[in-house]
Amino acid sequence: MHLGVSESMRECEYSQISTCSSTPMETPYKKRTPKRRKWETFPGRNKFYCNGRIMMAKQTGVFYLTLVLILVTCGLFFTFDCPFLALQLTPAIPVVGGVLCVFVLGTLFRTSFSDPGVLPRATPDEAADLERQIDGANGSAPGYRPPPRTKEVVINGQTVKLKYCFTCKIFRPPRASHCTLCDNCVERFDHHCPWVGNCVGRRNYRFFYMFILSLSFLTIFIFSFVITHVIIRSHRAGFLNALKDSPASVLEVVVCFFSVWSIVGLSGFHTYLISSNQTTNEDIKGSWSSKRGKDNYNPYSYGNIFTNCCAALCGPLPPSLIDRRGFHQLDMPQPTPATNGITTYGATQSQSHMAATPLLQQQSSEPVILTTPPDDGGSLPGRTSLPLGGPTPPASTPSFSGYEVGDMLPHSHLHHHYHSHPVQETGAHHHHFLTPEEAPSPPGMLPCGSPLGPSHTIQGGFYNPASQDSLHEDSVRGLVKLSSV
């Protein structure tokens, strides 16, 4: 049965001082770290620009030399030769030269700035699992020397060995190889080209081939029309006067003459590789040469030149596997365990778990009762006192020896208990309800309003203030503080 509460009790409120601080134990979540993109912590020896959109090898000096040679040669041609040729022959010459120059630069940038097909390295868990599989397959007898780490797969009837990469901790797929300059395993590795400043692999091989092929046409185009320009001028004013009128033509002829042979030869070599569906790495090693055996053949060839060319140049472009612009997966924030509103002061998380005993894990809507023990020191019939050996409160704080488990039961349980175990009450033994002044306040909790004396009692019912949750939280915090002392 609930009784009314005095007006002074109703007006009593608590003002809580903010105890929030920057200590990790009081923050519900871990401190968030700024997100980092994967290219910022990429393990290979590569350079990234434009927030990871551009990927190149670490050694890019020769690439800039290639770019300067192309720009300087084309610039001189358009400045000193194209005006004369457009007037004397046809305006289509500078147009065709401009289209070729733009196409060459576009394919060069596409080859140099893209991911060649880098394979992601194994995570520590994946590497450990692979090591266990290898150890289980090879055995671990003392003095046993394991064989080379290889696997064999059959592709179109041909046995192909998969080698284990000790740097990337993976078994490389067929036709993949580890580039020592970039320190990456590249899918369908062809070669590392310093002229483009990048590896040439599955994802940029077609652009590399179009670059060297178009560069061959551009070199031949410039070389032939520069010679034409000099010949036309020499017919009019002599050879020496022609060189004096267009001195840049001499430099263009020299550059094109010494570069056209290597560029055209390289284009022819890669045309042969594409027609047979081979890579430079496989051709140099002689992987599918008949010298290794009569039954040795290229399992990747379609048996048709046209089909091989279409597969290499017109097939679907695979996506990048490293996701260099993606974010690292951060650890999910771990919330602190719920303690029913209990805040421990100066205690660690483990201590908070120790303090949250079953006695404190009750619903906040249940009233808290403090019962004065009988004079004989015994407990009321049918009630069980707290176990001995618990933390003893200091002498300066009120004694909680009479704070019993039976007092923490809901009202319905207490009502049933009183009917089943009647107690003879005397004038000196009344139930004292826990008031705000009797409950020990933790740091940061200050009472306000009209004070109530410790002898203030309410007989025959439960104390039901306007906010029972606040009162319950205050009393439980005080118990946790005493237990931690």
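Residues numbered from 1 in each chain as written. Predicted model: local features only at pLDDT ≥ 70, side-chain atom pairs only at ≥ 80, totals over all residues. Heavy atoms only, no water.

Engineer: Sorry if this is basic, but what is going on with the overall build of the chain here?
Structural biologist: Looking only at helices and strands, the chain has 12 helices and 13 strands in total. For the chain, the proportion of its 485 residues judged to be buried stands at 38%. Considering only contacts within the chain whose residues lie at least 6 apart along the sequence, 70% involve residues at least 24 apart. Carbon and sulfur atoms make up 61% of the accessible area of the chain, which totals about 28,100 Å². (Helix = DSSP H or I, 4+ residues; strand = E, 2+ residues; numbered from the N terminus. Buried < 20%, exposed > 50% of the residue type's maximum accessible area, 1.4 Å probe, protein only. Contact = heavy atoms within 4.5 Å. Areas by Shrake-Rupley, 256 points an atom, 1.4 Å probe, with all protein chains shown as cover.)

Engineer: Explain the nonpolar core here, please?
Structural biologist: Taken as a class, soluble globular proteins show a tendency for nonpolar side chains to be buried jointly. In this structure, Ile 70, Phe 77, Leu 108, Phe 211 and Ile 222 are the most contacted members of the largest nonpolar core, which totals 35 residues. Those elements that provide at least two residues to this core are strand 3 (54-57), helix 2 (61-88), helix 3 (92-112), helix 5 (205-237) and helix 7 (248-276). Top contributing element to this core by residue count: helix 5, with 11 residues. Those residues in contact with Ile 222 that sit more than four places away from it in its chain are Thr 73, Cys 74, Phe 77, Glu 252 and Cys 256. (Core = buried A, V, L, I, M, F, W, Y, C linked by side-chain atoms within 4.5 Å.)

Engineer: Whenever I open this one, the environment of Gln 278 confuses me. Can you help?
Structural biologist: Tracing the backbone shows Gln 278 in the loop between helix 7 and helix 8 (280-285). Assessed through its relative accessible area of 11%, Gln 278 is described here as buried. Once the C-alpha coordinates of Gln 278 and Asn 298 are considered, the two residues, 20 residues apart in sequence, prove to be 8.0 Å apart. Not counting residues within four places of it along the chain, the set of residues in contact with Gln 278 comprises Arg 175, Arg 188, Tyr 272, Leu 273, Asp 283, Trp 288 and Asn 298. At a separation of 3.2 Å, a polar atom in the side chain of Gln 278 contacts the side chain of Ser 276. (Polar contact = N/O pair within 3.5 Å; in protein donor to acceptor, adjacent residues only side chain to side chain.)

Engineer: Explanation requested: the pattern of salt bridges in the structure shown.
Structural biologist: Charged atoms that come close allow side chains of opposite charge to pair. Under the definition given, this model contains nine salt bridges. Note that Asp 115 is salt-bridged to Arg 203, the shortest N-O span being 3.9 Å. Here the residue Asp 115 occupies a position in the loop between helix 3 and helix 4 (124-138), and Arg 203 occupies one in the loop between strand 10 (198-200) and helix 5, the gap between them amounting to 88 residues. In this structure Asp 115 comes out as buried when scored by relative accessible area, which is 0%. Classification of Arg 203 by relative accessible area gives buried; the value is 13%. (Salt bridge = Lys/Arg side-chain N within 4 Å of Asp/Glu carboxyl O.)

Engineer: Could you clarify how one ought to interpret the pairing of strand 2 (residues 46-49) in this entry?
Structural biologist: Along any regular strand, the residues point their side chains to alternate faces of the sheet. Where burial is concerned, the two faces of strand 2 differ: the one with Asn 46 and Phe 48 is buried and the one with Lys 47 and Tyr 49 is not. The sheet contact formed by strand 2 and strand 3 spans four bridges and is antiparallel. In the sheet register, Phe 48 faces strand 3, and the bridge partner there is Met 55. Taking the residues that link successive antiparallel strands as the turn, the strand 2-strand 3 hairpin has four residues, and the phi of Cys 50 there is positive, at about 55°. (Pairing = 2+ DSSP bridges.)

Engineer: Before we go on, may I ask you to explain a positive patch on the surface in this structure?
Structural biologist: A contiguous patch of positive charge on the surface is contributed by Lys 161, Lys 163, Lys 285 and Arg 292. Its place among the elements puts Lys 161 in strand 5 (residues 158-165). (Patch = residues over 30% accessible without salt bridge, like charges linked within 9 Å, V, L, I, M, F, W, Y side chains within 5 Å. Lys, Arg positive; Asp, Glu negative; His and termini not counted. Charge placed at Lys NZ, Arg CZ, Asp CG, Glu CD.)

Engineer: I keep staring at the sheet that holds strand 5 and nothing clicks. Help me out?
Structural biologist: The pairing of strands in a sheet comes from backbone hydrogen bonds and takes either a parallel or an antiparallel form. Pairing is antiparallel across the open sheet formed by three strands, whose spatial order is 4-5-6. Every other strand in the sheet has two partners, leaving strand 4 (150-155) and strand 6 (170-171) as the edge strands with one partner each. When strand 5 meets strand 6, the two strands line up antiparallel, connected through two bridges. Within strand 6, the position partnered with Cys 165 by the bridge is Ile 170.

Engineer: Can you walk me through unusual backbone geometry in this structure?
Structural biologist: Peptide bonds are mostly trans, and most non-glycine residues show a negative phi. Positive phi is not limited to glycine here, since Cys 50 has a value of about 55°. Phi is positive for Asn 51, which is not a glycine, with a value near 55°. Inspection of the secondary structure puts Asn 51 in the loop between strand 2 and strand 3. The partly exposed category is assigned to Asn 51, whose relative accessible area is 31%.

Engineer: What's the story with the packing of aromatic side chains in this structure? I'm lost.
Structural biologist: Applying the stated rule across the entire model yields 14 aromatic pairs. Measuring from centroid to centroid gives 5.2 Å for Tyr 164 and Phe 171, while their planes differ by 65°, and the two rings are edge-to-face. Residues Tyr 164 and Phe 171 agree in their burial class; the two are buried. Through a chain of ring-to-ring contacts, the aromatic side chains of Phe 63, Tyr 64, Phe 109 and Phe 113 assemble into a single cluster. Over the ring of Phe 327 we find Lys 35, and its NZ or CZ is 5.6 Å from the ring centre. (Phe/Tyr/Trp six-rings, centres within 6.5 Å; stacked < 30°, edge-to-face > 60°. Lys NZ or Arg CZ within 6 Å of the ring centre and 35° of its normal.)

Engineer: Teacher, can you tell me more about a nonpolar patch on the surface here?
Structural biologist: Taken together, the side chains of Val 250, Val 254, Phe 257, Phe 258 and Trp 261 make up a nonpolar region of the molecular surface, amounting to roughly 550 Å² of accessible area. Its place among the elements puts Trp 261 in helix 7.

Engineer: When you look at helix 7 in this model, what are you seeing that I'm missing?
Structural biologist: Each full turn of the α-helix corresponds to 3.6 residues, which orients residues three or four apart in the same direction. Across its 29 residues, helix 7 extends 42 Å between first and last C-alpha, which sits within 8% of the 42 Å expected from 1.5 Å per residue. The sharpest bend along helix 7 reaches about 35° and sits at Val 260. Looking at the residues trailing helix 7, positive phi occurs at Asn 277, about 55°. (Expected span 1.5 Å × (residues − 1). Bend = angle between axes of the 7 residues up to and from the residue.)

Engineer: Please clarify how the environment of Asp 81 should be interpreted in this entry.
Structural biologist: Of note, Asp 81 is situated in helix 2. On the basis of relative accessible area, Asp 81 is assigned to the buried category, the value being 0%. Put simply, Asp 81 and Val 226 are 145 residues apart on the chain and 6.7 Å apart in space, counted from C-alpha to C-alpha.

Engineer: Looking at this structure, I do not really get the side chain of Arg 324. What am I missing?
Structural biologist: Within the fold, Arg 324 resides in the loop between helix 9 (305-313) and helix 10 (349-355). Within the buried core, Arg 324 has no salt-bridge partner, and the shortest N-O distance to an opposite charge, that of Asp 115, equals 4.5 Å. Separated by 3.3 Å, the side chain of Arg 324 and the backbone oxygen of Arg 53 make a polar contact. Setting aside chain neighbours within four positions, we find Arg 324 in contact with Arg 37, Lys 38, Trp 39, Phe 48, Gly 52, Arg 53, Met 55 and Asp 115.

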